[in-house]
Amino acid sequence: MRIELRGITKRFGSFTANDRIDLVVEPGEIHCLLGENGAGKSTLMNVIFGQLQPEEGEIVIDGETIKFANSGEAVRRGIGMVHQHFMLVPVFSVAENVVLGFEPTKSFDRLDRKKAADEIRRVSKEYGLEVNPDAVIEELPVGLQQRVEILKALSQDAELLILDEPTAVLTPQEIEALMAIMRSLAKAGKSILFITHKLKEVRAVGDVITVIRQGRVVGSVPPTTSEAELATMMVGRDVKLTVTKEAAAPGDEVLEIRDLVVRDDRGLAVVNGVTLNVRAGEIMALAGVQGNGQTELVEALAGMRRIESGTITVRGRDVTNNKPREMLDEGLGHIPEDRQRNGLVLSMSVADNLVLNTPRRAPFARRGTRNLDAVEQNARQQVKDFDIRTTSTRELVSSLSGGNQQKVIVARELSRPLAFLVASQPTRGLDVGSIEYVHRQIVNQRNEGLGVLIVSSELDEVFALGDRIAVMHEGRITGVVDATTSRETIGLMMAGASSQSAHD
Amino acid sequence: MTENMADVLAQADPGSPVERRSLWTRFSSKSPVVLALLALVLGFLIGALVIIFSTNTVLDAWRGIFSSWGAPGHALKVTFDNVGAAYRAMFTGSVFDPSQFWHSIATGKQWDNTLTPLSETLTYATPLIIASIAVGIAFQTGIFNIGANGQAIMGGIAGASIGSMINMPAIVHIPLTLAAGIVGGMVAGSIPGFLKAYTGAHEVIVTLMLNYVIAFFLVFVLLSTPFQLPGQSNDISRTMHSSAQLAPLFGAASGLRVSYGIFIAAAVVYFAWWFLERSSLGFDFRITGNNPNAARASGINARRVIVVVFLISGGLAGLAGVVQVSSTTHYVDGNFLIGSAGIGFTAITVALLGRNRPMGIVWGSLLFAALGVGGRNMQAATGIPLDLATIIQSVVVLFVATPVLVKEIFRLRSSSAQGIQLATKGWGS
Ligand SMILES: Nc1ncnc2c1ncn2[C@@H]1O[C@H](COP(=O)(O)OP(=O)(O)OP(=O)(O)O)[C@@H](O)[C@H]1O
Ligand SMILES: [Mg+2]
């Protein structure tokens, strides 16, 4: 499918999210879109997918001018889309979600569950994206939900596949697999629009890279363009792609986890005897393939999941099975893995979300009455410091771009006094410029004595931040090594080898 | 070149589909008031149809439409006369009667007659506002308090008891009576509150069932000696002492029933606004209502929120009950808030209509009260049953609850062919 955008303009009120965008995707082409958070990439994709109607401009598909009234029409025309924020029904099973809208039926229009499940098994085997068809979406970690979202789009045999940041929560292996799929689809003549903030990926898989800044096309470049050049095009200034970190000066232990056992929603002991400690002034990076118990470990640390046995100690005080409030009072900062589920209230304003877990602290409230001036002032400050792109602090968080939503959480957590920080994929969905800033902030706080636990499946982040690296596999820590350890060794440990055997 | 052409075209032609749609979207999304007003128009249109199909003279006129040349015109006239008379009676019965108004202006007399309809509307609206706020606050927290009616009954019983059984100066008696009503409602509200918080029982079922329990409890109480009006075998309570009553605003002699209760309603509206928009606890409530997972992660104690919501919501519902008693009947009988008088049930629809916002609820309550009061006048004047008012109320709520439907109806009317195409658009966004 050849798709051509001519002068697409999309406004939200007085704000112009897409400004006269021209773009062509040829059949068999993998076309990458790069751009800062809030540049208008997702908006443009939603316009193509018929979910938003542009104010101006036209979409031409194979020579024919098209107007989609809704996404159903786009799907029927052969367009598939993986959304940045998944469009899955939380209470439905994986199989039900994948076939939703194209349900295989038995007599009397009943859903043929078996056929649906078989279909999922077939597709997931074909593409190497394994997932249990019977699992319920809301019980799955985001990484697995992402696989489901991708499977759903793939199973529809689209001629044009739109992938909006599908790799933000995938593991390196999964990303490799996805890129292989993309290449083979392109070879078969399908067109692909691929959005990612990871420069390595666009260079590895893209045929053409188009950079968007503030709603406008800056230009299209070949994949041979260097990462530094791409970053500069995107942000409009030079970006340091790795933070320069001063050597850590670790102090006392702030967080000690001993023999921790935690069960998941199905009752399996997915954290199975974890022992780990984090000292003040150091960043401990917890690497591991998603689904090896990190999610549950972090939930236990945040007081959100019951601890079966073992202990958690903060600055010498036993905080095992504390409530979330008590953990916050102990000085826990928490950047949750699933921002929209646990980190934000989408239907509330940016300002309110920035004080979501400190609404009662001075100066935000006095004797039970909120001080909205202080809340507003704080919001202005954070929006400025963290470069949160929003038209106003009163704007609902739901209207922010994905990366800017993430910045709201990061800003909130890093701007209050903390004893230690537990951050799951803290830079998920952030552009290179913002990653630079957030990493700098985390390192600065660590320099001032904050103990940090970073949970990430992203090795780049693990190496960029970690002073020490712990690797988690099947509910256990397979080893704690220092940051000079090679990627290969860490990779082996993530696959289950102990640090000893991995070294050999 | 082509870009510019598109620009120019889009600007030059205000009737282009894109333009019109965005205007509409702005119109309706920015202003739920517009939506409510359109729903009201639809409600009256459907009400008119009901009048037509239930009035024999109108139907006869239409049956005879082929009998003579003048018949169709006659049929139309009969239709308009009947529908017009019904709605006129509704209006004059609930707002004011223009001729009566001019008479008062001209002569300076009979102001009581002129003001009676408004006074009645306000009298009915007062407890309804309070009860709807009770329901609305719970809704905003994501809790469905279907039990406001039972809680209001409990408030009424408690208030009537304190109001009738002890004797003291009004300055303490009135607050005490109101406080008793609040406590009565809180007691009733605490039951589903604790059950939900500590056993996970679903509040809809518990509150719904408690309404029945309390309705029977009412009769039981009214038949037991301390409460029952002495020398009576009916289920009727003692009358409140005048020191406990909420007096008519313009004095008993005016004949206007509207009481000091409207100040209580105003205070409740202000409290609700402050609570939801300004208080820390209200902030917790809204977080919980909008995203329970984020609420938990933010350290909000869900159990506490649930219990407190039910105490506040129940307390306000109880206040509605006691205001109802002490400003109108001054006693409680077996029919208190039973059946169509159940303001706690009406409150659910009013809260929905007002989108759980305090001011929205005020307008919704006034509308519902006016329809009820006016409907009674219509029944007396034209013989069309009061139920028509209920039908209009229900239709309005139905349309407000399904904005898409209203949009579609009004879009289809505005432009035929284009309208159909446009109608399918607004769904996604
Ligand atoms: N419904 C909306 N109402 C108002 N503004 C919106 C709405 N949707 C998006 N925006 C604004 O449009 C801009 C572009 O958002 P978009 O989601 O397209 O960014 P993006 O390029 O995908 O960014 P990210 O990399 O963070 O995902 C943002 O500034 C956002 O605040
Ligand atoms: Mg996006």
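From a predicted model like this one, the values you see are computed outputs, not experimental measurements. (Residues numbered from 1 in each chain as written. Chains lettered and ligands numbered in written order. Predicted model: local features only at pLDDT ≥ 70, side-chain atom pairs only at ≥ 80, totals over all residues. Heavy atoms only, no water.)

(A) Structural context of the interface of chain A and chain B. Contacts between the two partners involve 29 residues from chain A, matched on the other side by 24 residues from chain B. Contact between chain A and chain B buries roughly 2,700 Å² in total, counting both sides, with carbon and sulfur atoms accounting for 53%. If you sort the residues of chain A by the area they bury against chain B, Met304, Arg360 and Arg370 of chain A come out on top, with a joint share of 19%. Our count for the chain A to chain B interface comes out at one salt bridge. The salt bridge partner of aspartate 284 of chain B is arginine 360 of chain A, with a shortest N-O separation of 2.8 Å. The interface formed by chain A and chain B contains 10 residue pairs in polar contact (both at pLDDT 80 or more). Those elements that place two or more of their residues in the side of chain A that touches chain B are strand 2 (15-25), helix 10 (324-329), helix 11 (339-343) and strand 18 (369-370) of chain A. Across the side of chain A that touches chain B, the residue classes tally to 13 nonpolar, seven polar and nine charged. (Contact = heavy atoms within 4.5 Å. Buried area = accessible area lost by both parts, 1.4 Å probe. Salt bridge = Lys/Arg side-chain N within 4 Å of Asp/Glu carboxyl O. Polar contact = N/O pair within 3.5 Å; in protein donor to acceptor, adjacent residues only side chain to side chain. Helix = DSSP H or I, 4+ residues; strand = E, 2+ residues; numbered from the N terminus. Nonpolar A, V, L, I, M, F, W, Y, C, P; charged D, E, K, R; others polar.)

(B) Expanded view of the pattern of salt bridges. All told, the structure shown has 42 salt bridges over all chains when counted by the stated rule. Ionic pairing is found between glutamate 376 of chain A and arginine 380 of chain A, a salt bridge with its closest N-O pair at 3.0 Å. Placement of the pair is glutamate 376 of chain A and arginine 380 of chain A together in helix 13 (residues 372-385), with a separation of four residues, close to one helical turn. Residue classification places glutamate 376 of chain A among the buried residues on the basis of a relative accessible area of 13%. Residue classification places arginine 380 of chain A among the exposed residues on the basis of a relative accessible area of 56%. Residue glutamate 120 of chain B is joined to arginine 257 of chain B by a salt bridge in which the shortest nitrogen-to-oxygen separation is 2.9 Å. Of the two residues, glutamate 120 of chain B sits in helix 7 (residues 111-140) while arginine 257 of chain B sits in the loop between helix 10 (203-222) and helix 11 (261-278), which places them 137 residues apart along the sequence. With relative accessibility at 33%, the residue arginine 257 of chain B sits in the partly exposed group. Where salt bridges share partners, they join Arg2, Glu4, Arg6, Glu26 and Glu58 of chain A into one cluster. (Buried < 20%, exposed > 50% of the residue type's maximum accessible area, 1.4 Å probe, protein only.)

(C) Representation of the domain arrangement of chain A in the model. Residue and element names in this part refer to chain A. Entries for chain A in the domain assignment read domain 1 (3-235), domain 2 (240-331 + 417-504) and domain 3 (345-416). For domain 1 versus domain 2, the separation of C-alpha centres amounts to 31 Å. Listed per partner, the contact involves 24 residues of domain 1 and 16 residues of domain 2. Taken together, the two surfaces of domain 1 and domain 2 that pack against each other cover about 1,600 Å², and 55% of this comes from carbon and sulfur. Summed over the shared surface of domain 1 and domain 2, the number is two salt bridges. Among the salt bridges present, the one from glutamate 458 reaches lysine 198, with a minimum N-O distance of 3.0 Å. Between the two partners, domain 1 and domain 2, sit six residue pairs in polar contact (both at pLDDT 80 or more). Secondary structure elements with two or more residues in the side of domain 1 that touches domain 2: helix 5 (142-154), helix 7 (199-205) and helix 8 (227-235). Ranked by the residues each element gives to the side of domain 1 that touches domain 2, the list is headed by helix 8, at five residues. Taken together, the residues of the side of domain 1 that touches domain 2 break down into 12 nonpolar, six polar and six charged. (Domains from an automatic or database assignment.)

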